[in-house]
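A closer look at the structure
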Number of protein chains: 2
Amino acid sequence: MRVAIVGGTGAVGQELLALLEERGFAVDELRVYASQRSAGRTVRFRGTDVVVETLPADGDLQADIVFSSAGTSLSREHAWSWVEHGATVIDNTSAWRMDDRVPLVVPEVNASAALDHGGLIANPNCSTIIALMALAPLHRAYRLKRAVIATYQAVSGAGAAGIHELREQTAAALAGDEVRPRTFKHPVAFNLFSHDSEVGEDGYNGEERKLTLESRKILDAPDVAISATCVRVPVFRAHSEAINAEFAQPVTPQEAAATLASAPGVRLVDDRAGNTFPMPIDAAGQDDTLIGRIRADSSLPGGIALFVAGDQIRKGAALNAVQIAELLVASDAVASARQATRMKEPAVGLI
Amino acid sequence: MRVAIVGGTGAVGQELLALLEERGFAVDELRVYASQRSAGRTVRFRGTDVVVETLPADGDLQADIVFSSAGTSLSREHAWSWVEHGATVIDNTSAWRMDDRVPLVVPEVNASAALDHGGLIANPNCSTIIALMALAPLHRAYRLKRAVIATYQAVSGAGAAGIHELREQTAAALAGDEVRPRTFKHPVAFNLFSHDSEVGEDGYNGEERKLTLESRKILDAPDVAISATCVRVPVFRAHSEAINAEFAQPVTPQEAAATLASAPGVRLVDDRAGNTFPMPIDAAGQDDTLIGRIRADSSLPGGIALFVAGDQIRKGAALNAVQIAELLVASDAVASARQATRMKEPAVGLI
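Residues numbered from 1 in each chain as written. Chains lettered and ligands numbered in written order. Predicted model: local features only at pLDDT ≥ 70, side-chain atom pairs only at ≥ 80, totals over all residues. Heavy atoms only, no water.

1. A few points about the packing of aromatic side chains
All names here are of chain A. Rules: Whether two aromatic rings pair depends on their centres lying within 6.5 Å, for rings of Phe, Tyr and Trp, where Trp uses its six-membered ring; planes under 30 degrees apart make the pair stacked, over 60 edge-to-face, and the rest tilted. Going along the chain from the N terminus, every DSSP run of H or I of four or more residues is numbered as a helix, and every run of E of two or more is numbered as a strand. Burial classification: accessible surface area is computed with a 1.4 Å probe over protein chains only, and a residue below 20% of its type maximum counts as buried, one above 50% as exposed, and the rest as partly exposed.
Applying the stated criterion across every chain, the model contains 11 aromatic pairs over all chains. On the basis of an interplanar angle of 65° and a centroid distance of 5.7 Å, the ring pair of Y152 and F307 is categorised as edge-to-face. Of this pair, Y152 sits in strand β8 (residues 144–152) while F307 sits in strand β15 (residues 304–310), placing them 155 residues apart in sequence. For Y152, a relative accessible area of 0% corresponds to the buried category.

Next up, the structure:
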């Protein structure tokens, strides 16, 4: 299997490399692409140095599987061209997530959708993945009608620059120096602010819109009602979310806990006596999404309230992408995709 | 007016002193009480040093108005004894908030309740006050049915020790040193955790229960349904809350914004184009509660979502208490309370 990572020097790219190695993904050849600025640098993979290249102009990444995490505009411009050259692209950006031709996949939720692809598979937004690790098993059992979600999102959602900003600003604040925002518009040290994505006419920002629309697509539940409030907090890694959910069928906390305890990819952390529940420092670096504070929604009979924390670089991005690749390999859906692509894919110029 | 502050060296006590001075409260005599540990220290008030005393054993604080913020157990034990000795007590603790004989007051919301007191008036929980600064005006106009609230609470809610803990742990974390929790059970530097109050059998913690029960009492709306998720975040000062609210009468965001724009004690910060909304660093040190992100609840026709930030030491505690005292003075309800107390107050030993 020839694998390429576009954006291999970024936070998600680095995590992809680590995960491919850690999980023993069958990489025969690895290519790492990045911007001109990073070209010529090397990244480590299985004990050897891989030289970072700039993207070839012709779109032939010489890869069977391409992980794309170098930004939405780049994916929007080039993804189908990579597919044209025979690659199956797993796209970490938001470029194609809501496109009808592109499956949007969380392997624990809708694995089968991944196999019906036309060369391009989208990896959902990190907050969406983490919410659905809890909501999807409950939806399957009780049918989700409505969810109200408030997020507590780590700065690493904005990549290495976000991490740097929190570290620098915090040191400055502790020293009594002036805090100068650069990556984020507002100070992040000892502060929090509404998510740094554009706010639409309805007052919801891009992150909140993704959480709503992507959840509906992944759950194949177009009528699910979601209202999200996405907030950036001074945490380095792992997103947390407070969720109140209403189902077609009333659910007790005991039923919800039992359903989630047997769900894949999650771990219950719900120690009421010890006041220990999901926290970002415990979720960071973990594959599992942590779920706790499972209780009856005191404002709605039959509803459930809970709290989740998940590593948004790992399960929220890189791990989910590698899991999709593993699905494809296990189902032999990489090679067959190349056939399908040639039949189904419309002319690139039309997209 | 003879004024006493019990717990005068704590975070709220210090803020009370600053506010009494800043607002020109008619203090003729000031007494400051604190624990044995702080006795003999001095605090500044109007340019002079006031010596901190230990509480007199007989319960006579030699004061017309007592601000009590030295802990719930102390108030539970002594508050009515102070009242017996002629004081009107404004209690910042949770000791008496839900007692039927005790008004629970946010002056902008239920000022008249303060005047019908039996010597003891309770100051609500900080998260409750901040939520109600937004919800009460909307409730008055459209009748609140249900609210789902997720909080982002500053460490100063745990007093000076919480502030110290965040500062020390953050410095240690930046230096790569081990972080040792002391005030809080869990690390707070670059982390967040479920509120550090005891979790009940229904899975809700003390802070969440207060938000629900106190809101109902203050709004005089026993049927209002509330589900809160209270979370401690690495912010020094000012609590933030994401609120989704449902009303008996459908509300548009424009109506909600107009209602809140004319409400007392709040300031709208709702700049969608500039992505600028309420933030704790802007709310810290301010009297007004900041309200923004006012939008239609995308999961419920006629519902409203919004985000608030308020200084929980100021409006969430000390300012609200001083406002209650101002109400009493303006209505001459301090002296009359002494009369009323003698008639209405049951024997202390029975409480």
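Picking up after the structure, the text goes on.
2. A short note on the relation of the copies chain B and chain A
Inclusion rule: All copies are superposed by least squares; the fitting set is the C-alpha atoms of residues with a pLDDT of at least 70 in both. We call two residues in contact whenever any of their non-hydrogen atoms come within 4.5 Å of each other.
With an RMSD of 0.0 Å, the fit of chain B onto chain A corresponds to turning through 180° and sliding 0.0 Å along the axis. What we have between these two chains is a two-fold relation. Interface overlap between copies: 100% of the residues of chain B at the interface are likewise at the interface in chain A, consistent with a symmetric, same-surface contact.

3. As for the state of the cysteines
Cut-off, in case you're wondering: Here, the term disulfide refers to a pair of cysteine sulfur atoms separated by no more than 2.5 Å.
In the structure shown here, the tally under the stated rule is zero disulfides over all chains. Free of any disulfide, C230 of chain A has its nearest cysteine sulfur in C126 of chain A, 8.8 Å distant.

4. Let's talk about the layout of surface pockets
Here is the rule: As defined here, a cavity is a set of points on a 1 Å grid over the protein atoms alone where a 1.4 Å probe fits but cannot get out. A pocket is an open set with protein on both sides within 12 Å along at least five of seven lines, and residues line them when an atom is within 4 Å of a point. Grid points are joined across faces, edges and corners, and a volume is the space filled by probe spheres set on the points. Ten residues, namely Ala, Val, Leu, Ile, Met, Phe, Trp, Tyr, Cys and Pro, are considered nonpolar, four, namely Asp, Glu, Lys and Arg, are considered charged, and the remaining ones, Gly among them, are considered polar.
In this structure, the largest pocket occupies an estimated 1200 Å³ of space. Lining the largest pocket are 49 residues, and of these V12, S69, G71, N92 and G157 of chain B sit closest to its centre. Counting only elements with at least two residues in the lining of the largest pocket, the list comes to α1 (11–22), α2 (72–84), α5 (159–174), α6 (206–219) and α9 (314–330) of chain B. With six residues, α6 of chain B is the largest single contributor of residues to the lining of the largest pocket. Residue composition of the lining of the largest pocket, by class: 16 nonpolar, 24 polar and nine charged. Of the voids in this model, the second largest pocket is the one considered here, and its volume is about 940 Å³. Of all the secondary structure elements, the ones that give two or more residues to the lining of the second largest pocket are α1 (11–22), α5 (159–174), α6 (206–219) and α9 (314–330) of chain A. Here the lining of the second largest pocket is composed, by residue class, of 10 nonpolar, 23 polar and six charged.

5. Here's the deal with the confidence of the model for chain A
Residue and element names in this part refer to chain A. Note the threshold: Confidence scores labelled pLDDT are given residue by residue by the predictor and lie between 0 and 100.
Looking at chain A, the pLDDT average stands at 94 and 95% of residues meet or exceed 70. Scored below 50 in pLDDT, residues 341–351 makes 20 contacts in the model with residues more than four places away or belonging to other chains. Predicted complex, confidence summary: ipTM 0.94, pTM 0.94.

6. Quick word on the sheet that holds strand β14 (residues 289–296) of chain B
Residue and element names in this part refer to chain B. Put simply, the rule reads: DSSP bridges decide pairing: two strands pair if at least two such bridges lie between them. Comment: axis = line fitted to C-alpha atoms, over the contacting stretch for helices; angle = value between 0 and 180 degrees taken between N-to-C directions.
Ordered in space as β10-β8-β12-β15-β14-β13, the six strands form an open sheet in which the pairing is mixed. Of all strands in the sheet, those with a lone pairing partner are β10 (225–229) and β13 (266–268), marking the two edges. Taken over all neighbouring pairs, the strand axes of this sheet differ in orientation by 25° on average, direction set aside. Alignment of strand β8 (residues 144–152) against β10, held across five bridges, turns out to be parallel. Its bridge partner being in β10, R146 is matched across the sheet by A225. Against the sheet, helix α7 (residues 253–261) touches β13, β14 and β15 (304–310), its axis set at about 165° to β14.

7. Some words on the pairing of strand β12 (residues 239–247) of chain B
Residue and element names in this part refer to chain B. Among the nine residues of β12, nine are classified as buried, and the element is accordingly described as predominantly covered. Neither face of β12 is exposed, since H239, E241, I243, A245 and F247 on one face and S240, A242, N244 and E246 on the opposite face are all buried. As paired elements, β8 and β12 share eight bridges and run antiparallel to each other. By the bridge assignment for β12, R146 is matched with E246. Inspection of the sheet shows β12 paired to β15 by seven bridges, in the antiparallel sense.

8. Looking at the pattern of salt bridges
Residues and elements named next belong to chain B. Applied cut-off: Take a side-chain nitrogen of Lys or Arg and a carboxyl oxygen of Asp or Glu: if they are within 4 Å of each other, that pair is a salt bridge.
As enumerated under the stated definition, the model contains 40 salt bridges over all chains in all. Between E326 and R23 there is a salt bridge, with the nearest N and O atoms lying 2.8 Å from each other. Pair noted here: E326 is in helix α9 and R23 is in the loop between α1 and β2 (29–33), with a separation of 303 residues, a long-range link. Classification of E326 by relative accessible area gives partly exposed; the value is 23%. Judged by relative accessible area, R23 falls into the partly exposed class, the value being 31%. Put simply, K315 and E108 hold a salt bridge, and the shortest N to O gap is 2.7 Å. In this pair, K315 is assigned in helix α9 and E108 in helix α3 (residues 107–115), connecting sequence segments 207 residues apart. The class of E108 is buried, set by a relative accessible area of 18%.

9. A short note on the interface of chain B and chain A
Filter applied, for reference: Accessible surface is computed with a 1.4 Å probe, and the buried area is the amount of it that two parts give up when combined, taken over both parts together. In protein, a polar contact requires one atom able to donate a hydrogen and another able to accept it; more generally it is a pair of N or O atoms within 3.5 Å, and residues adjacent in sequence count only if both atoms are side-chain atoms.
Facing 61 residues of chain B, the contacting portion of chain A comprises 61 residues. Where chain B abuts chain A, roughly 5000 Å² becomes buried across the two surfaces, and 56% of that area is made up of carbon and sulfur atoms. In this assembly, chain B and chain A are joined by six salt bridges. The residue R146 of chain A makes a salt bridge to D297 of chain B at a minimum N-O spacing of 2.9 Å. Summed over the shared surface of chain B and chain A, the result is 36 residue pairs in polar contact (both at pLDDT 80 or more).

10. A short note on empty space enclosed by the protein
What the rule picks out here adds up to five cavities of 30 Å³ or more. Looking at the largest cavity, its volume works out to about 60 Å³. As for the largest cavity, its lining consists of V148, I149, A150, A242 and N244 of chain A together with V148, I149, A150, A242 and N244 of chain B. Broken down by secondary-structure element, the contributors of at least two residues to the lining of the largest cavity are β8 and β12 (239–247) of chain A together with β8 and β12 of chain B. Class assignment of the residues belonging to the lining of the largest cavity gives a composition of eight nonpolar, two polar and no charged. When its volume is computed, the second largest cavity comes out at roughly 40 Å³.

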